[in-house]
Amino acid sequence: MVSKSTVGDPKKAPDVLGASQIPLDLIVEDPTQPRKIFDPDSLAELTETIKTRGVKTPISVRPNPDKSGTYIINHGARRYRASKSAGLTSIPAYIDTDYSLADQVVENLQRDNLTSREIVDYIGREIASGKTHEQISKLIGKSPSYVSLHAAAMDLPDPIAELFNSGTLTDITAIYNLNKTFKKYPLELTDWLNYSKPEDVTRTKIQQFRKFLESRNDEKGIMTALTRQAPHAPSDFTENSDKNKSKKRKLDADELLTYIYVRLKKRSHQPQDIMLKLSNAQKTTIIDALQKYYTAGQKCKDLFHAILNSLKGGEFDGAGRGAFNLTAFFFGVNKKEFDLEKIIHEVYLNLDK
């Protein structure tokens, strides 16, 4: 064992009770260890601490079967890297021959510093080796459902894999829900992910969007029109006058606005969902209807009487199309630029939850 170093000497390491001082050049990292990501700022902080105080907690190593007299790290890769950066020549270490990859995972899970991607990679390797979900759960002290949730993220479609692998979305439950939704609605989900900001892809938003998609199975008529995407021709819906006859007609602005209002009120849709599903022709139909209220707001000289008369006439009835008419009117009054999505969003924000 080397003698105790003086505090702050980066070339020597202090003795640690019960541990051996092993030269750093005889130690290598485990290439199969689950931790792949090391935060550089955190590592730099640890380096400075080791320069001043040395390594207080020994690392764990095992003999290297491929090269006699050398060792492989069981756990303590951060301390090992920081010690090298600090200029130490040796590090306190325990030699533990009864150590496995599962032990590495358990330690990192207990410290809560493994990423979801690293956990998925470990579980994937264990499954590939022939272990069941239940066997893996016992090894790492987690439930079988925890293992299954991560195992489901082993093979993700490209749009979801890009979010997960880049670290943009690390919530494994959100990834699971996205994958589940993709299997049933691949085109719609891909469009939604392309349209959404990364910070908007949350468990709640995913659930709302899935409900939005599933609602199409139960809703006829207007829903058929809303779920058509640009650049399609104006959408039609069918009214069955009897079992043998049907007639098609275009939705008018009032019907579209009332339908949108109901979906916003129920919180089954959000403004961006609505805009995504409206065709260009439907947007034009709605804009033409709201533009006159926006223009009326711009030209309004007597706000009180304008609103009073419109309330009496039912144009600003506070529900359905009336909410949009009133919002468009005030956009004009406030000299805001006319923007359909902003108007829909404004109505959404002012509805009671």
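Since we're looking at a predicted model, the values are computed, not measured. (Residues numbered from 1 in each chain as written. Predicted model: local features only at pLDDT ≥ 70, side-chain atom pairs only at ≥ 80, totals over all residues. Heavy atoms only, no water.)

## With respect to the overall build of the chain
Then step 1. Helix and strand counts for the chain stand at 17 helices and seven strands.
Then step 2. If you take every contact in the chain between residues at least 6 apart in sequence, the share linking residues at least 24 apart comes to 65%.
Then step 3. If you sum the accessible surface of the chain, you get close to 19300 Å²; carbon and sulfur atoms cover 51% of it. (Helix = DSSP H or I, 4+ residues; strand = E, 2+ residues; numbered from the N terminus. Contact = heavy atoms within 4.5 Å. Areas by Shrake-Rupley, 256 points an atom, 1.4 Å probe, with all protein chains shown as cover.)

## Section: the pairing of strand β4 (residues 71–75)
Then step 1. Here β4 lies mainly inside the structure; four of its five residues are buried.
Then step 2. Looking at chain direction, strand β2 (residues 27–28) and β4 are connected through two bridges and run parallel. Its bridge partner being in β4, Val28 is matched across the sheet by Ile72. (Buried < 20%, exposed > 50% of the residue type's maximum accessible area, 1.4 Å probe, protein only. Pairing = 2+ DSSP bridges.)

## Concerning helix α17 (residues 340–349)
Then step 1. Within α17 the residues assigned to the buried category are Leu340, Ile343, Ile344, Val347 and Tyr348. Looking down the long axis of α17, one finds its buried residues gathered within 140 degrees of arc, a one-sided arrangement.
Then step 2. Structurally, α17 contributes buried residues whose contacts are with α12 (253–265), α13 (271–277), α14 (280–299) and α16 (321–333).
Then step 3. One side-chain oxygen at the N-terminal end of α17 lies 3.0 Å from the backbone nitrogen of Glu341; it belongs to Asp339. (Arc of directions from axis to C-beta. Polar contact = N/O pair within 3.5 Å; in protein donor to acceptor, adjacent residues only side chain to side chain.)

## A few points about the packing of aromatic side chains
Then step 1. On inspection of all chains with the given rule, the structure shows three aromatic pairs.
Then step 2. Ring centres of Trp192 and Phe209 lie 4.7 Å apart, and the angle between their planes is 10 degrees; on these two criteria the pair is classed as stacked. Here Trp192 is found in helix α9 (residues 186–195), whereas its partner Phe209 is found in helix α10 (residues 203–214), with 17 residues between them in sequence. Of the two residues, Trp192 and Phe209, neither departs from the other in class, the shared state being buried. (Phe/Tyr/Trp six-rings, centres within 6.5 Å; stacked < 30°, edge-to-face > 60°.)

## Considerations on the environment of Asp121
Then step 1. Positionally, Asp121 belongs in helix α4 (residues 116–128).
Then step 2. For Asp121 and Ala153, which are 32 residues apart along the polypeptide, the C-alpha to C-alpha distance reads 9.3 Å.

## Quick notes on the pattern of salt bridges
Any two side chains of opposite charge can pair, so long as their charged atoms come close to each other.
Then step 1. Enumeration according to the criterion identifies nine salt bridges in this entry.
Then step 2. Residue Arg117 pairs with Asp121 through a salt bridge whose shortest N-O separation is 3.2 Å. Placement of both Arg117 and Asp121 in helix α4 is noted, with a separation of four residues, approximately one turn of the helix. (Salt bridge = Lys/Arg side-chain N within 4 Å of Asp/Glu carboxyl O.)

## Remarks on the sheet that holds strand β1 (residues 20–23)
Then step 1. Spatially, five strands are ordered β1-β5-β3-β4-β2 in an open sheet, and the strand pairing comes out mixed. For this open sheet the edge positions go to β1 and β2, each flanked by a neighbour on one side alone.
Then step 2. Sheet strands touched by helix α2 (residues 77–86): β2, β3 (59–63), β4 and β5 (90–95). Its angle to β4, the strand with the most contacts, is close to 125 degrees. (Axes fitted to C-alpha atoms, helices over the stretch in contact; angles between N-to-C directions.)

## Details of the side chain of Thr327
Then step 1. Mapped onto the secondary structure, Thr327 falls in helix α16.
Then step 2. According to the relative accessible area criterion, Thr327 is buried, its value standing at 14%.
Then step 3. When residues no more than four places from it in sequence are discounted, the contact partners of Thr327 are Ile343, Glu346 and Val347.

## Comments concerning α16
Then step 1. Across its 13 residues, α16 extends 19 Å between first and last C-alpha, which sits within 8% of the 18 Å expected from 1.5 Å per residue.
Then step 2. When we look at burial in α16, the residues that qualify are Gly322, Ala323, Phe324, Asn325, Thr327, Ala328, Phe329, Phe331 and Gly332.
Then step 3. In the stretch just after α16, Lys335 is the one whose phi turns positive, near 60 degrees. (Expected span 1.5 Å × (residues − 1).)

## Describing the pairing of β3
Then step 1. β3 sits mainly inside the fold: four of its five residues count as buried.
Then step 2. In the sheet, β3 pairs with β4 via four bridges, with the strands oriented antiparallel. Residue Val61 lies in a different strand from β4, and its bridge partner there is Ile73.

## A word on the nonpolar core
Then step 1. By size, the foremost hydrophobic cluster in this structure holds 27 residues, and its most contacted members are Ile260, Leu264, Ile286, Leu290, Phe324 and Ile344.
Then step 2. Going through the elements one at a time, α12, α13, α14, α16 and α17 are the ones with two or more residues in this core.
Then step 3. In this structure Phe324 touches Leu257, Ile260, Tyr261, Leu264, Leu290, Ile343, Ile344 and Val347, once residues within four positions along its chain are discounted.
Then step 4. One finds Ala161, Phe164, Leu193 and Leu276 within the second-largest nonpolar core, a separate group that totals 22 residues. (Core = buried A, V, L, I, M, F, W, Y, C linked by side-chain atoms within 4.5 Å.)

## Here we look at the environment of Tyr146
Then step 1. Residue position: Tyr146 is located in helix α6 (residues 144–151).
Then step 2. Tyr146 sits 27 residues away from Thr173 along the chain, and the two C-alpha atoms are 9.8 Å apart.

## Section: the confidence of the model for the chain
Low-pLDDT stretches of the model should not have their predicted coordinates read in fine detail.
Then step 1. Taken residue by residue, the chain gives an average pLDDT of 77. The fraction at 70 or more is 77%.
Then step 2. Scored below 50 in pLDDT, residues 1–17 shows 40 contacts in the model against residues more than four places distant or in partner chains.
Then step 3. In this model residues 218–248 is a low-confidence stretch, pLDDT under 50, and it forms 59 contacts with partners more than four residues away in sequence or in other chains. (pLDDT = per-residue confidence, 0-100.)

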